Amino acid sequence: MIRINENFTKLKASYLFSDIAKRVTAFQQANPQKSIIRLGIGDVTEPLPPVCIEALHKATDEMAQRSTFKGYGPEQGYAFLREAIAQHDYAARGCKIEADEIFVSDGSKCDCGNIQEIFSTDIRLAIPDPVYPVYVDTNVMAGRTGGNVDGRYAGVTYLDSTPANGYVPAIPSVATDLIYLCFPNNPTGAVATKAQLAAWVAYAKKNQAIILFDSAYEAYIRDPAIPHSIYEIEGARDVAIEFRSFSKTAGFTGTRCAYTVIPKSLMAYDAAGKAHPVHALWNRRHTTKFNGVAYPIQKAAAAIFTDAGKKQVKDMTDFYLGNAALIRAAVTKLGFTCIGGDNAPYIWVNTGRDSWEFFDLLLTKAGVVCTPGAGFGKCGEGHVRISAFNSRENVVAALERIAATLK
Ligand code: PLP
């Protein structure tokens, strides 16, 4: 008899964004004349930078000629892209990352979801709350978390991000082995200082632990004192893996390209205490289960590192940050406190009310979709996330409707 992986039955009933989509669809069907503005899911709205389009066209033409046609490429990514990443995202910020420590993939969601496969199932996890749900759910599927009791998994050390700690969690008092951190944060938009990240690196070192650092939103950092990479912290090469994505940096959510950095000095241990390079484990996993990102997509990704590409990326992220500034100003004017939006495309609003109730209020009265904080974890209750990913026109209209509803 075929049997299921029963860990899947421990997952919370459905994925947050499917719940939201169901409520929005039901409302839209009942009120077909009402216009709805979506500031919920974090998907970009602006077209790809022109340098990427140009590179896509050129690479497509190469695929049309026998002499330049490409079949399977290197699973880890073409050297031209890995070298550009090493130079522009790392060397330029003083981080020592070699091109062959970079694994190109078709998305950070897959990478930060799949990485746990290379670690033992009985390790101790530290996961932020609120959190990007992928970190928790993939560990539930792998059987690392135990059952869900009252909205929390017994086997997880939760890193609470609350108004009291400025939404940057404190170092836990207990030892853990695998620590998920995300800065600039989804959903809160909070950023971590060098000193805060240095404390995490020291904690990981002390516990022979590994930090999984998700910096999918680093392109939104404008404060020059805020680190873009965990590798800006001394010693991080020995304790951290970093995930980056072209999705929010350059509008690649539908184009798909990301990368994971695993320094060769990073070790994890077997039951006998013998050290194994994590780079080799991930290389084995990646080459066994993945066959590389399409050549034209990698060409488009590499184009953002040209001078013109850098300017176009800056213009695009500045545009979304302009939306974020309007959102911050509007919700502050309505009397709410909020965080994010200055170095991140998300604004985390402390509503002081049940977050699904607030979500329903904005949907039914203002026709605006936000994301209820409770969907990101227990500490998200009392908050909603508003995304800056939309046209200026829609953001302005949504803020007018919210103001009219709430004043
Ligand atoms: N990490 C975080 C924190 C995210 O918010 C997202 C997407 O919303 C991702 C990773 C996924 O990025 P990708 O589009 O590369 O899969």
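Residues numbered from 1 in each chain as written. Predicted model: local features only at pLDDT ≥ 70, side-chain atom pairs only at ≥ 80, totals over all residues. Heavy atoms only, no water.

1. Some remarks on the domain arrangement of the chain
The assigned domain composition of the chain is domain 1 (6-47 + 308-406) and domain 2 (53-306). Between domain 1 and domain 2, the C-alpha centre-to-centre distance is 25 Å. Across the boundary between the two partners, domain 1 contributes 36 residues, which contact 49 residues of domain 2. Three residues stand out in domain 1 for area buried against domain 2, namely Asn343, Phe376 and Cys379, and they jointly supply 18% of the buried area on that side. The partner of arginine 222 in a salt bridge is aspartate 318, and the shortest N-O contact between them spans 2.9 Å. Applying the counting rule to domain 1 against domain 2 returns 21 residue pairs in polar contact (both at pLDDT 80 or more). At the level of elements, α10 (307-333), β13 (337-340), β14 (346-350) and β17 (383-387) are the ones that each hand at least two residues to the side of domain 1 that touches domain 2. A breakdown of the residues in the side of domain 1 that touches domain 2 according to their chemical character gives 17 nonpolar, 10 polar and nine charged. (Domains from an automatic or database assignment. Contact = heavy atoms within 4.5 Å. Buried area = accessible area lost by both parts, 1.4 Å probe. Salt bridge = Lys/Arg side-chain N within 4 Å of Asp/Glu carboxyl O. Polar contact = N/O pair within 3.5 Å; in protein donor to acceptor, adjacent residues only side chain to side chain. Helix = DSSP H or I, 4+ residues; strand = E, 2+ residues; numbered from the N terminus. Nonpolar A, V, L, I, M, F, W, Y, C, P; charged D, E, K, R; others polar.)

2. Quick look at empty space enclosed by the protein
Counted under the stated rule, the structure contains two cavities of 30 Å³ or more. Its volume calculated, the largest cavity comes out at about 40 Å³. Forming the walls of the largest cavity are Val331, Leu334, Phe336, Val349, Phe358, Leu362, Val384, Ile386, Ile402 and Leu406. Among the secondary structure elements, those contributing two or more residues to the lining of the largest cavity are α11 (355-366), β17 and α12 (392-406). Of the residues in the lining of the largest cavity, the class split is 10 nonpolar, no polar and no charged. Considered as a void within the structure, the second largest cavity measures approximately 40 Å³ in volume. (1 Å grid on protein atoms, 1.4 Å probe; cavity = no way out; pocket = protein on both sides within 12 Å on 5 of 7 lines; lining within 4 Å. Points joined across faces, edges and corners; volume = space filled by probe spheres on them.)

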